[in-house]
Amino acid sequence: ISQIDEKLKGQQGIQTVALVGPGGAGKTILSRQCAHKQKAKIVWEIDAETPESLKLSFESLAQAFAKTEEDQKILREIQEIKNASENEEKIIQFVKEHLRSHQSWFLVFDNVEEFANIHKYFPHDPVTWGEGKIILTTRDYNIQNNIYINNAINIEELSSVQKLPLFTKIMIHGNMRPLTSTQIEEAKLFLEKLPPFPLDIVIAASYFRS
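It should be emphasised that the depicted structure is a prediction, and the values quoted were computed from it without experimental measurement.

### Some remarks on the packing of helix H7 (residues 160-171) against helix H8 (residues 181-191)
Packed helices, taken two at a time, are described by the angle between their axes plus the distance between the axes.
Logical step 1: One way to put it is that H7 packs onto H8 with a least axis distance of 10 Å and a crossing angle of 120 degrees. The angle between H7 and H8 falls in the class oblique. Helix-helix and strand crossings are classified by hand; for H7 and H8 the assignment is right-handed. Between H7 and H8, the residues in contact are Lys163, Leu164 and Phe167 and Ile184, Ala187, Lys188, Phe190 and Leu191, respectively.

Here you go:
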């Protein structure tokens, strides 16, 4: 989180950080924790996993912007457009204009398969989109070579030293009794069989607790 904050700090224009790593590495959780800390007027998470979820996320953002009667009327007219391509372009333009009218914004593009899928939705020009910050999460390591990505942080797998504290912290949550030395040794053996990612550790520990 401190690395992300540092790469987004004190910059003008549009600053973008990509969190890159395998599924279950904790990219989405990290991006949400950073988003919750923001003081920007607009903070929004966009589900970029599929074209449908991407479009729905932008439509939801447009709805959130439509606070005045005039904006609501414009949005209703856009929604009535039958041509899918034109409808999509109008929604993007509506969001773009409202982002530009705010002093700052913070967007999370979550679960990006490849950049080409989100290109038309992705703010890249501060003149037309305004100034803001973006966190993008993806499994695509090639995305860090994209000209619109200012910085990339690789979210690595957990080491054996990191896996045990995470597992035991969840196991004893709400219970003041620590694990016994025998339980700790059993946990170490068990964790050797699990993939070294936070999601796998959390699910396993939560299962045992319940």
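Here the narrative resumes.
### Considerations on a negative patch on the surface
Logical step 1: A cluster of acidic residues, Asp47, Glu49, Glu113 and Glu114, forms a negative patch on the protein surface.
Logical step 2: Topologically, Asp47 is positioned in strand S2 (residues 42-47).
Logical step 3: Here Asp47 falls in the partly exposed class, since its relative accessible area comes to 32%.

### A short note on the nonpolar core
Logical step 1: Phe58, Phe109, Ile118 and Leu136 are the most contacted members of the largest nonpolar core, which totals 32 residues.
Logical step 2: At the level of elements, strand S1 (14-20), S2, helix H3 (51-65), helix H4 (69-79), helix H5 (84-101), strand S3 (105-112) and strand S4 (132-138) are the ones that each hand at least two residues to this core.
Logical step 3: If we skip the residues at most four places from it in the chain, Leu136 touches Val17, Ala18, Leu19, Phe109, Val112, Phe115, Ile118, Phe122, Ile143 and Ile149.
Logical step 4: Ranked by size, the runner-up nonpolar core spans 14 residues in total, among them Ile4, Leu8, Phe106 and Ile135.

### Observations concerning the pattern of salt bridges
Logical step 1: Scanning all chains against the criterion turns up seven salt bridges.
Logical step 2: With a closest N to O distance of 2.5 Å, Lys37 and Asp5 form a salt bridge. Pair noted here: Lys37 is in helix H2 (residues 27-37) and Asp5 is in helix H1 (residues 2-8), with a separation of 32 residues, a long-range link.
Logical step 3: One salt bridge in this structure joins Glu59 and Lys55, with 2.5 Å as the shortest N-O distance. Of this pair, Glu59 and Lys55 are both found in helix H3, four residues apart, which corresponds to roughly one turn of the helix.
Logical step 4: Relative accessible area serves as the criterion here: at 24%, Glu59 is assigned to the partly exposed category.

Criteria and thresholds
Residues numbered from 1 in each chain as written. Predicted model: local features only at pLDDT ≥ 70, side-chain atom pairs only at ≥ 80, totals over all residues. Heavy atoms only, no water. Axes fitted to C-alpha atoms, helices over the stretch in contact; angles between N-to-C directions. Helix = DSSP H or I, 4+ residues; strand = E, 2+ residues; numbered from the N terminus. Parallel < 35°, antiparallel > 145°, perpendicular 65-115°, else oblique. Left-handed = near helix turned anticlockwise from the far one by under 90°. Contact = heavy atoms within 4.5 Å. Patch = residues over 30% accessible without salt bridge, like charges linked within 9 Å, V, L, I, M, F, W, Y side chains within 5 Å. Areas by Shrake-Rupley, 256 points an atom, 1.4 Å probe, with all protein chains shown as cover. Salt bridge = Lys/Arg side-chain N within 4 Å of Asp/Glu carboxyl O. Lys, Arg positive; Asp, Glu negative; His and termini not counted. Charge placed at Lys NZ, Arg CZ, Asp CG, Glu CD. Buried < 20%, exposed > 50% of the residue type's maximum accessible area, 1.4 Å probe, protein only. Core = buried A, V, L, I, M, F, W, Y, C linked by side-chain atoms within 4.5 Å.

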